[in-house]
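# Residue-level structure breakdown
Listed below, chain by chain, are the residues.
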Amino acid sequence: AGIPQSFVLILLTEIGDKTFFLAMMLAARHGKLQVFLASISALFFMTLGSALAGYLVSTSAEMLHSSVKIMDWVAAVLFVLFGAQMLWDARKLHKEDAKDEEVAALLGGEGARSSSHGERADAEETLREKDEKSPPPSTRWEAFARVFSIMMVAEWGDRSMFATLTLATKHNPAGVVVGAMAAHAIANALAVVGGELLSKRISEKLM
């Protein structure tokens, strides 16, 4: 129980997400297999923690004899907020792209596409800040640790983290973890293998 729900939801939230673009860009630096393993390791710990937190919330509410109503409303409110936030993000991207095209038209050039805004821009900024704070890794283990820490920080507070937590309040936490990790594995494999090609075809606004 919980495997199909978590698989579908996490896959849809991860494709074109900040962690997707981070995995894509890091794979170009440190190698596909290394980045995939480090990313999946970080996401596993985050998923496990989120599912455990959701389970603890649901069992705590059960002790208050009101878990079913409370968890139904919590899940409904959170998923409505996720949807509203994603629609708002898409609206902002549309406005920012329109502004870029207007400025470019005035300057006689081509408009900047969505790569200057949104999740990909956040991923690029994250890597820039990391590069400024610490030197590039010199060994495989240093690279693994660097990717692991970047993905852990990027996933903290992300939509997929809260989605996992919420699903674990309604379904078997083990099933939620299995479904979520299967989705993370597919999304990260797509990112490290064909991320650059996919990123040219993925519209963040449409997603």
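Residues numbered from 1 in each chain as written. Predicted model: local features only at pLDDT ≥ 70, side-chain atom pairs only at ≥ 80, totals over all residues. Heavy atoms only, no water.

### Re helix α2 (residues 18–30)
The terminal C-alpha atoms of α2, which comprises 13 residues, lie 18 Å apart, in line with the 18 Å expected from a rise of 1.5 Å per residue. Counting buried positions along α2 gives ten out of 13 residues, so the element sits mostly inside the fold. Among the residues of α2, those classed as buried are T19, F20, F21, L22, A23, M24, M25, L26, A27 and H30. Two residues or fewer past α2, G31 is found with a positive phi of approximately 100 degrees. (Helix = DSSP H or I, 4+ residues; strand = E, 2+ residues; numbered from the N terminus. Expected span 1.5 Å × (residues − 1). Buried < 20%, exposed > 50% of the residue type's maximum accessible area, 1.4 Å probe, protein only.)

### Observations concerning the UniProt feature "transmembrane region" (unreviewed entry) in the protein
Mapped onto the present numbering, the UniProt feature "transmembrane region" (unreviewed entry) falls on residues 6–28, 35–58, 70–88 and 174–198. End C-alpha atoms of residues 6–28 are separated by 29 Å, and the span's content is 87% helix alongside 0% strand. (UniProt positions renumbered as here; feature names shortened; annotations may be inferred.)

### As for the packing of aromatic side chains
Using the criterion set out here, one finds four aromatic pairs in the structure. With centroids separated by 5.5 Å and ring planes inclined at 90 degrees, the aromatic side chains of F20 and F21 adopt a geometry described as edge-to-face. Given a relative accessible area of 3%, F20 falls into the buried group. Taking the centre distance of 6.0 Å and the plane angle of 65 degrees together, the rings of W141 and F144 count as edge-to-face. Here F144 and W141 lie together in helix α6 (residues 140–155), a separation of three residues that amounts to about one turn. Each residue in the set F44, F45 and F148 is aromatic and connected to the rest through ring pairs, giving one cluster. (Phe/Tyr/Trp six-rings, centres within 6.5 Å; stacked < 30°, edge-to-face > 60°.)

### Regarding the pattern of salt bridges
Taken as a whole, this structure holds one salt bridge when the rule is applied. The partner of R128 in a salt bridge is E125, and the shortest N-O contact between them spans 2.7 Å. Residue R128 and its partner E125 are both found in helix α5 (residues 118–133); the two are separated by three residues, about one turn of the helix. (Salt bridge = Lys/Arg side-chain N within 4 Å of Asp/Glu carboxyl O.)

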